[in-house]
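Descriptive structure summary
The lines below spell out each chain.
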Amino acid sequence: GYAPIDTCRDSLVSYLSDQSEGPGYTRGEAWDKASQAIEDARTSLGLLVERSTGELGFIHLTIQEYLAAWATSRKPDPDQQSILAEHWRDPTWREVLLALIGIHGVLRRERTRVEALVDSLRAQSRSALDRWRQWEILAEIVFNDLGLTPLRARALAEEILDTIERSPFRNLNRRLAHAAVRGLRSEHL
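Residues numbered from 1 in each chain as written. Predicted model: local features only at pLDDT ≥ 70, side-chain atom pairs only at ≥ 80, totals over all residues. Heavy atoms only, no water.

The subject of this paragraph is the overall build of the protein. Within the protein one finds nine helices and three strands. Along the protein, from the amino end to the carboxyl end, the secondary structure elements read β-α-α-β-β-α-α-α-α-α-α-α. Principal-axis analysis of the C-alpha atoms places the extent of the protein at approximately 60 × 35 × 35 Å. Counting over 189 residues, the protein shows a buried share of 38%. As presented, the protein carries roughly 11200 Å² of accessible surface, and 52% of it is formed by carbon and sulfur atoms. Side chains of the protein give 25 positive and 28 negative charges; the mean places of these two sets differ by 6 Å. (Helix = DSSP H or I, 4+ residues; strand = E, 2+ residues; numbered from the N terminus. Buried < 20%, exposed > 50% of the residue type's maximum accessible area, 1.4 Å probe, protein only. Areas by Shrake-Rupley, 256 points an atom, 1.4 Å probe, with all protein chains shown as cover. Lys, Arg positive; Asp, Glu negative; His and termini not counted. Charge placed at Lys NZ, Arg CZ, Asp CG, Glu CD.)

Another aspect to go through is the sheet that holds strand S2 (residues 48-52). On the basis of which strands lie adjacent, the open sheet formed by three strands has the order S1-S3-S2 and antiparallel pairing. This sheet does not close on itself; its edge strands, each paired only once, are strand S1 (2-4) and S2. Each strand of the sheet is rotated relative to its neighbour by a mean of 40°, with strand direction disregarded. Alignment of S2 against strand S3 (residues 55-58), held across four bridges, turns out to be antiparallel. (Pairing = 2+ DSSP bridges. Axes fitted to C-alpha atoms, helices over the stretch in contact; angles between N-to-C directions.)

Our next topic: the nonpolar core. Formed by 32 residues in total, the largest nonpolar core has its most connected members in Val118, Trp135, Ile141, Val142, Phe143, Leu148 and Ile160. Contributing elements (two or more residues each) for this core: helix H5 (94-107), helix H6 (111-123), helix H7 (128-143), helix H8 (150-166) and helix H9 (170-182). Setting aside residues no more than four positions away along its own chain, Ile160 makes contact with Trp135, Leu138, Ala139, Val142, Phe143 and Leu176. Formed by five residues, the second largest nonpolar core is a distinct cluster that contains Ile5, Ala41, Leu48 and Leu56. (Core = buried A, V, L, I, M, F, W, Y, C linked by side-chain atoms within 4.5 Å. Contact = heavy atoms within 4.5 Å.)

Here you go:
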């Protein structure tokens, strides 16, 4: 969650001077703007803090997770699905993946893209344990209205409720039930 200041600046300079993905500033302009952006993020905005001498990090992990999700949302669909496939089991990526789906479903109203990501997630199930694990992230997507169509959300909600009834894992049942209770306020469900 932190990096040397020089690495942060070099990364920003690379983006700012990029002719196709970034604004295409000259290297000198990019260096000046990157230095100013880092300084503003540290002092005026308070987004970055010096974690140790010469190393910066975000003031809160949520900012880092959201920015990672936003960057991922700008990638082509196959790349997004690859990232989802690679990281869905990793708890440190959970909020990033939920934010990715929320960006598409809530901010951009791209329901077909949300459904494609959910389908991609469900296709990653390699074992019974994987299927049990997937219910937690699916419950967050369904019961927090992250952009599924009402028909799809209701169908998944029914599957999740069935899982609560038949799952042998008490902690999983508790977490799924907690998500489901939050979903009671949903128009879609």
